[in-house]
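Per-entry structural report
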Amino acid sequence: MPTLDDIIHRVNSYYPSANTDLIKKGYEFAEKQHEKQVRKSGEPYLQHPVEVAIILTELKMDVSTIVTALLHDTVEDTGVALEVIKKEFGEDVANLVDGVTKIGKIRFRTTQEKQAENFRKMLLAMAKDLRVIIIKLADRMHNMRTLQYLPSNKQVRIAQETLDIYAPLANRLGIAWIRSELEDLSLRYVKPEIYEKLVEKVAKRRAERETYINKVSQILRQEVSKHGLKAEVSGRPKNFYSIYKKMESRNLEYEQIYDIVAYRIVVGSIAECYEVLGLIHSIWKPIPGRFKDYIAMPKANGYQSLHTTVIGPDAERIEIQIRTKEMHDIAERGVAAHWIYKEGHMAPSELNKFRWLRSLVEFHKELRDSTEFLDVVKVDLSAGDVYVFTPRGDVVELPPGATPLDFAYNVHTDVGNRCVGAKVNGRIVPLKYNLKSGDTIEILTSQTQQPKKDWLNIVQTSRAKSKIRQYIKQIERVRSIELGIELLEKEFRKKGTTFQKLQKQGELEKVAKEMNYQDIDGLVMAVGYGFIPPKQVIRKLFPPLPEKSGQPLDKSAESVRGETRVFTSKAIKIKGVGDVLVRFAKCCVPVPGDPISGFITRGRGVSVHRADCSRLLSHDEERRVEIEWEAEGVKTERNVKVRVLSIDIPGILVKMSEVFGSHGINIVKAQIRTTKDKKAINIFEVSVTNLPQLQELIKEMEGVEGVISVERL
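Summary of the structure given here. (Residues numbered from 1 in each chain as written. Predicted model: local features only at pLDDT ≥ 70, side-chain atom pairs only at ≥ 80, totals over all residues. Heavy atoms only, no water.)

**Observations regarding the overall build of the protein**
Along the backbone of the protein there are 30 helices and 22 strands. Burial analysis of the protein (713 residues in total) assigns 52% to the buried set. Residue pairs at least 24 apart in sequence account for 65% of intrachain contacts in the protein once pairs closer than 6 positions are excluded. For the protein, the accessible surface area stands at approximately 35,200 Å², while carbon and sulfur atoms represent 49% of it. (Helix = DSSP H or I, 4+ residues; strand = E, 2+ residues; numbered from the N terminus. Buried < 20%, exposed > 50% of the residue type's maximum accessible area, 1.4 Å probe, protein only. Contact = heavy atoms within 4.5 Å. Areas by Shrake-Rupley, 256 points an atom, 1.4 Å probe, with all protein chains shown as cover.)

**Here's the deal with the pairing of strand β21 (residues 679–688)**
Of all 10 residues making up β21, nine are buried, and the element is well covered by its neighbours. Note that strand β19 (residues 638–647) and β21 share 10 bridges and pair antiparallel. The residue of β21 that forms the bridge with Asn639 is Ser687. The sheet contact formed by strand β20 (residues 666–674) and β21 spans eight bridges and is antiparallel. Across the sheet, residue Arg673 finds its bridge partner in β21, namely Ile681. Where β20 folds back onto β21 in an antiparallel hairpin, the turn is made up of four residues, including Lys678, whose phi is positive at roughly 65°. (Pairing = 2+ DSSP bridges.)

**Overview of the packing of aromatic side chains**
In total, this model carries seven aromatic pairs according to the counting rule given. Both rings, one in Tyr294 and one in Tyr387, keep their centres 6.5 Å apart while their planes meet at 65°; by these two values the pair is edge-to-face. Separated by 93 residues along the polypeptide, Tyr294 in the loop between β4 (292–293) and β5 (306–311) and Tyr387 in strand β7 (residues 386–389) bring together distant segments of the chain. As far as the burial class goes, Tyr294 and Tyr387 line up, both buried. Against the face of Phe89 rests Lys25, its NZ or CZ located 5.3 Å from the ring centre. Here Lys299 stacks its cationic end above the ring of Tyr294, 4.9 Å away from the centre of that ring. (Phe/Tyr/Trp six-rings, centres within 6.5 Å; stacked < 30°, edge-to-face > 60°. Lys NZ or Arg CZ within 6 Å of the ring centre and 35° of its normal.)

**Some remarks on empty space enclosed by the protein**
The tally for this structure, following the rule as stated, stands at four cavities of 30 Å³ or more. Taken as a whole, the largest cavity holds about 100 Å³ of empty space. Taken together, Ile194, Lys197, Leu198, Lys201, Met247, Glu253, Tyr254, Glu705, Gly706, Val707 and Ile708 form the lining of the largest cavity. Put simply, the parts of the chain that give the lining of the largest cavity at least two residues each are α12 (192–204) and β22 (707–712). (1 Å grid on protein atoms, 1.4 Å probe; cavity = no way out; pocket = protein on both sides within 12 Å on 5 of 7 lines; lining within 4 Å. Points joined across faces, edges and corners; volume = space filled by probe spheres on them.)

**Here's the deal with the nonpolar core**
Across soluble globular proteins, nonpolar side chains have a tendency to be buried as a group. Ile23, Leu56, Leu137 and Ile320 are the most contacted members of the largest nonpolar core, which has 99 residues in total. Residues in contact with Leu56, not counting those within four places in the same chain, are Tyr14, Met61, Thr65, Ile66, Ala69, Ile134, Ile135 and Ala138. In this structure, Leu398, Ala402, Val424 and Ile468 belong to the second largest nonpolar core, which totals 23 residues. (Core = buried A, V, L, I, M, F, W, Y, C linked by side-chain atoms within 4.5 Å.)

**Some details on the environment of Val202**
With respect to the element layout, Val202 can be found in helix α12. Distance in space between the C-alpha atoms of Val202 and Tyr254 is 8.7 Å, their sequence separation being 52 residues. Excluding residues within four positions of it along the chain, Val202 makes contact with Arg209, Phe240 and Tyr254.

**As for the packing of α12 against helix α14 (residues 240–250)**
Closest axis-to-axis distance for the α12/α14 pair is 11 Å, and the angle between their directions is 105°. Between α12 and α14, the interaxial angle falls into the category roughly perpendicular. Contact residues: Ile194, Tyr195, Leu198, Val199 and Val202 in α12; Phe240, Ile243, Tyr244 and Met247 in α14. Taken together, the residues that form the contact of α12 with α14 break down as nine nonpolar, no polar and no charged. (Axes fitted to C-alpha atoms, helices over the stretch in contact; angles between N-to-C directions. Parallel < 35°, antiparallel > 145°, perpendicular 65-115°, else oblique. Nonpolar A, V, L, I, M, F, W, Y, C, P; charged D, E, K, R; others polar.)

**Notes on the pairing of β19**
With seven of its 10 residues buried, β19 lies for the most part within the structure. Taken together, the five bridges between β19 and β22 define a ladder with antiparallel strand orientation. Each bridged residue has a counterpart across the sheet, and for Leu645 the counterpart in β22 is Ser709.

Given below as structure tokens:
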């Protein structure tokens, strides 16, 4: 286990004037607070904050950050008040500790909602001080390194969360080595069979690969030296996760992937970068379309380098990156590299590089719904890879697959809402056209145009999706209020009154409060959405006289908000809704065990969706209803589709069928087709009883020899 001396020695190596007394004080404070605590591994809990501090010294972080690493779990896990931290260690450390502390005292409806709110808190703290997220990344790194001590269900959940949020965050901040390690550690738990196969195959070719790396590196050194240039040349295999993504995106086996090694040449100046590029292209043929100049057009995270792919020795494809020493430092440590030169504080000019962070903060202000916020975060963290130009020549960075609609919403919300078409490089293109780096885009608008629901299937950026959803929700709310008033007005006239009269008399407001709605609009919308029938409002306004016989009134038709009942589907509990039909959405096909949410549809009752379903996000939050799966005793079979990509070899279908049979899973329908490159795409519709059964099936199917990938559709 690393010690306090190790931390201080590392800090002194890059920050000789550091206040090491504060680090020592932080260590002793953490040691006392965590004295009786142990981790799941059985080791003293203090080891975790110490390891987090060690990771941060690799990033050469300042004293406040190192002290925060030592204290980061004291408020959350030992009950120490934040005021105590502030008094003992100062406001800077206290603010950082608060930023990395999870929300604890608020009760949330779902785990996903709690997760979203924790990210929301972290995001706001990160916008004020980027050191918050760097500490969180180091914290997650050590947790991932020790994930084997947790139950398997937690391993998968934490690993997937790491892939969705933390690895992309590390990438956005330009910290390459943390991103790579987080991705590889996550793959080990999310896709264990694929990970083990990759490790085995990479190990088999290790000696051959190392010989080739040495050979190419020697040629590069000789060529650079011949022209009187000084350079550091190295070669390294790409991480397992990036190899897996190449296999998945290109539908290839490991043996079919060639560019799995990246060579790096570090030189003294920008001019030398381009000179070396010319030398490489003079000895090996470059592959058209595989050259990228990130020096002239840096990535959003500040990354700069020249990338080229060439046909090297033995006709192998090799990728070469050329950069200066300063560029290399920023490539490895990202935003953390700026602390050396800024003495622990990032200058405003550096913060301006992180436009995506400002964008996320804007969405935080606009989005109340936790699920939608988390969806926005995940989409927005995906790295931009397409660089396009405005008619004025300004560069706009967009994600792969972005369309003119994404570009329009990037310019301004009104431009997006009024977009009817676009010109790319002077030619009119459809709205679903996929933009390419170097395109110049001009947006065509019309005052009569309005956003359409179909646009959600076209756009890629979180900004565009959020703005389209907002508009659709607004329109739906207006329509529901209009419909609700119309339905209520018909019933009121039968009673010899009108909506306007009852509103003026304050009667409608009373009924709204009685039925637990915030205001009249909420009540009217509920009627318009079909959430409650108009006659229910009538019964509240004009209660029937008691029967003379003294028998109780039949209240079977009345819904009481807050009551929990089981309806139509025995598998689902719906809170606060009475006498409604329940149906399962076909877009996401939820199965018992999936986090779920429901919303009221017009005339079709409550529609049950997976909580992360994109269609759910496009509906008004007012239509959401709290639902949950019934107890485990109620067994419900649900049909789901599973896509298996495999090599087209004899007998593989039999092996797949055996896997289904061993789990007691019935195949309802199967669609199988082969491709020209000897692959087979198998789509099985199967009947499962719960999520763990489906997860076990996918895990075992991934281990079948010849299977490339397995996914739930």
